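# Observations on the model geometry
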Amino acid sequence: MTLYYQSTRNPENRVTASQAILKGIAEDGGLYVPEAHPKLPVPLADLVGKSYQEVAFTVMKAYFDDFSQEELQACIDGAYNSDKFDTPELTPVKKVGDAYYLELFHGQTIAFKDMALSILPYLMTTSAKKQGSDKEIVILTATSGDTGKAAMAGFADVPGTKIVVFYPKGGVSHIQELQMLTQKGDNTYVVGITSNFDDAQSQVKALFGDQALNEQIDAAGYQFSSANSINIGRLIPQVAYYVFAYLQLVSQGIIALGDAINVDVPTGNFGNILAAYYARQMGLPIKTFICASNKNNVLTDFFKTGVYDRQRPFYVTNSPSMDILISSNLERLIYHATGNDAAQTAAYMKQLVDQGHYQVTPQMQATYADFYGGYADEAQIEDSIKAVYEATGYVLDPHTAVATSVYCDYRQETGDTTPTLIASTASPYKFPRSVMQSFQDLDPEVDDLTLVDQLEAISGVPQPAAVLEVKEAQIRHNEVVDVAGMKASILAKLGL
Ligand SMILES: *Cc1c(COP(=O)(O)O)cnc(C)c1O
């Protein structure tokens, strides 16, 4: 039996996994969601001791059931190997203080985005083959800093694809920007925009829905797709590491099979935490989902009140990958909370665009009562980095520090001592200025690459290859446009 995906905004829009991956987003602006959540096909006990690749295969085969075993295995072999990850477990779990850090930053670009973006190009080109599509795939991506680099690393020089990345100029860390601007590959393009991530993401979504533009590129032999977490091909691979992390806790003797855990996720576009929610739908025992935000705390308010209100100041913070006021993947949770009511979901999303806010019903809130929202401001982030380092010698990146700070609040408020996995979403080496700033006042003249050396000295963790590369590499991209110029910029790259 095939598992179908349908748009959150139109139940008639029903496709297979490979079609959903290829399209990225539904034509009606909705996101593809599975019609029913598959269960793990084997008891968890059978998965204890299995490799990351084996667990990923089991999880992904359940969701992407129109891929053959051979097709999916080839995708996994291409993505999850020692060329792309610097540790054999891929996502080690480390006990630090009274929490368990799920390190998701051992891929090529040292952010958790690598977990999905190293496999997405394989999933997408396989999907194109399955669908008999002869079009060249043009990936359009808005990035708050990490997706762009990870997506380009995945798609660089992949035949039959081009990738265009838009990032907020001035809204990302120096290392993040250098990583993007030095990207190699004749099919990669990086464009700064003079606006924030939300504007970039909204405009990319509008271009996906621009019928005249789609017809124009179709006639020229192209088709758009997305590498953002609105693509189900991004989301499902992330389910795997929650299952794998749970099994590691069992193997380490921290929990017994069947015990519940909490997960705590530093959240921006709501993709990573939604993947944990999907893991529970598959049967993983998760009790509480701790949704940690920075000062852009629209989700904290949402989980406390049921009101989603984006009309508030937008802050550029030292956890830039979470500087988001429109968390796209929340639409999927909303859809599930309405009992899969596409019309109601579409109405909420329209209200968000037209009025800037919406309010869900108490019945809907009850369906996700196990989500806890909290946030950390800039000072709390720095305090967390410093406190954890002083107590344990472990250095957090600012995003992971947000989750750590919120976890402390959660424990204080609830007294809950359930073992908690904290998603560690980036290496501290990606944000050396914010990290080192937590320990001492910095001379603004000191450049980030010097700070990288200081970070190595205090953490004792060797600099990852991704950082060494940036030190050597040439700048290859320098285009900057405003939001209105994004369409023309894309067309120029396609020779149109
Ligand atoms: C993207 C990102 C996040 C936010 O993840 P979402 O899936 O968008 O919620 C958090 N931390 C880092 C380092 C990221 O790159």
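Residues numbered from 1 in each chain as written. Predicted model: local features only at pLDDT ≥ 70, side-chain atom pairs only at ≥ 80, totals over all residues. Heavy atoms only, no water.

Under an unreviewed UniProt entry, the name given to the chain is Threonine synthase, and the organism recorded is Abiotrophia defectiva ATCC 49176. The record in UniProt for the chain states the following under Sequence similarities (unreviewed entry): "Belongs to the threonine synthase family." UniProt, in the comment section headed Cofactor (unreviewed entry), describes the chain in these words: "pyridoxal 5'-phosphate". (UniProt positions renumbered as here; feature names shortened; annotations may be inferred.)

Turning our eyes to something else, we now look at the UniProt feature "domain: Tryptophan synthase beta chain-like PALP" (unreviewed entry) in the chain. When the UniProt feature table is mapped onto this chain numbering, "domain: Tryptophan synthase beta chain-like PALP" (unreviewed entry) sits at residues 102-414. As annotated, residues 102-414 comprises 49% helix and 17% strand, and the C-alpha atoms at either end are separated by 22 Å. (Helix = DSSP H or I, 4+ residues; strand = E, 2+ residues; numbered from the N terminus.)

Okay, the side chain of Ser144 next. Mapped onto the elements, Ser144 comes out in the loop between strand S6 (136-142) and helix H6 (147-155). From its side chain, Ser144 meets the backbone oxygen of Ser321 in a polar contact 3.2 Å long. Among residues more than four places away in sequence, those in contact with Ser144 are Gly171, Val172, Gln176, Phe197, Pro320, Ser321 and Ile324. (Polar contact = N/O pair within 3.5 Å; in protein donor to acceptor, adjacent residues only side chain to side chain. Contact = heavy atoms within 4.5 Å.)

Another point: the UniProt feature "domain: Threonine synthase N-terminal" (unreviewed entry) in the chain. The positions UniProt marks with the feature "domain: Threonine synthase N-terminal" (unreviewed entry) are residues 5-80. The straight-line gap between the two end C-alpha atoms of residues 5-80 is 26 Å; of that span, 39% is helix and 16% is strand.

The next point concerns the packing of aromatic side chains. Under the counting rule described, the total for this entry stands at 25 aromatic pairs. A centroid spacing of 6.2 Å and a plane angle of 10° characterise the contact between Tyr63 and Tyr278, whose relative ring orientation is stacked. On the criterion of sequence distance, the pair formed by Tyr63 in helix H2 (residues 52-63) and Tyr278 in helix H11 (residues 271-281) is long-range, its members being 215 residues apart. Tyr278 shares its class with Tyr63; the two are buried. With 5.2 Å between their ring centres and 40° between their planes, Tyr348 and Tyr358 make a pair best called tilted. Here Tyr358 lies in strand S13 (residues 357-359) and Tyr348 lies in helix H14 (residues 342-355), a separation of 10 residues in the sequence. In terms of burial, Tyr348 and Tyr358 fall into one category: buried. Site record: aromatic cluster; members linked through ring pairs are Tyr63, Phe270, Tyr277, Tyr278, Phe289, Phe302, Phe303, Tyr308, Tyr348, Tyr358, Tyr368 and Phe371. Positioned above the aromatic ring of Tyr315, the side-chain terminus of Lys295 is 4.1 Å from the ring centre. (Phe/Tyr/Trp six-rings, centres within 6.5 Å; stacked < 30°, edge-to-face > 60°. Buried < 20%, exposed > 50% of the residue type's maximum accessible area, 1.4 Å probe, protein only. Lys NZ or Arg CZ within 6 Å of the ring centre and 35° of its normal.)

For the rest of this paragraph, the subject is the pairing of strand S8 (residues 188-193). With 5 of 6 residues buried, S8 is to be regarded as a mostly interior element. The pairing of strand S7 (residues 161-168) with S8 spans 6 bridges and is parallel. Bridge pairing links Tyr167 to Gly192 in S8. Handedness of the crossover joining S7 and S8 through helix H7 (residues 174-181) is recorded here as right-handed. Where S8 meets strand S16 (residues 479-481), 3 bridges bridge the pair, whose relative direction is parallel. (Pairing = 2+ DSSP bridges. Right-handed = clockwise from strand over helix to strand, strands pointing away.)

It is worth spelling out the domain arrangement of the chain at this point. The domains assigned to the chain are domain 1 (93-109 + 233-459) and domain 2 (136-220 + 464-495). Taken together, the contacts link 22 residues of domain 1 with 24 residues of domain 2. Summed over both partners, the interface of domain 1 with domain 2 buries about 1,900 Å², with 56% contributed by carbon and sulfur atoms. Taken as a group, Thr109, Lys430 and Leu449 account for 29% of the area that domain 1 buries against domain 2, more than any other trio of residues on that side. At the boundary of domain 1 and domain 2, one finds 2 salt bridges. (Domains from an automatic or database assignment. Buried area = accessible area lost by both parts, 1.4 Å probe. Salt bridge = Lys/Arg side-chain N within 4 Å of Asp/Glu carboxyl O.)

Counting buried positions over the 9 residues of H6 gives 8, a clear majority of the element. Buried within H6 we find Thr147, Gly148, Lys149, Ala150, Ala151, Met152, Gly154 and Phe155. Looking one or two residues beyond H6, the residue adopting positive phi is Asp157, at roughly 60°.

With that settled, the discussion passes to the sheet that holds strand S11 (residues 286-293). The strand order across the open sheet built from 6 strands is S4-S5-S15-S10-S11-S14, with neighbouring strands paired in mixed fashion. Each having just a single partner strand, strand S4 (93-96) and strand S14 (371-375) make up the two edges of the open sheet. Within this sheet the neighbouring strands show an average axis-to-axis angle of 25°, counted without direction. Lying on the sheet, H11 is in contact with strand S10 (261-266), S11, S14 and strand S15 (420-424); it crosses S11 at an angle near 175°. (Axes fitted to C-alpha atoms, helices over the stretch in contact; angles between N-to-C directions.)

Right, let's get into the site of the ligand. The environment of the ligand is formed by 15 residues, the closest being Lys113, Asp146, Gly268, Asn269 and Thr425. Contact between the ligand and Asp146: an oxygen atom at 2.4 Å from a side-chain N or O atom of the residue. Phe270 is positioned with one of its backbone polar atoms (N or O) 3.0 Å from an oxygen atom of the ligand. Relative to its unbound accessible area of 390 Å², the ligand is 98% covered by the protein chains. Looking at the shell around the ligand residue by residue, the class counts come to 5 nonpolar, 8 polar and 2 charged. (Near = heavy atom within 4 Å. Areas by Shrake-Rupley, 256 points an atom, 1.4 Å probe, with all protein chains shown as cover. Nonpolar A, V, L, I, M, F, W, Y, C, P; charged D, E, K, R; others polar.)

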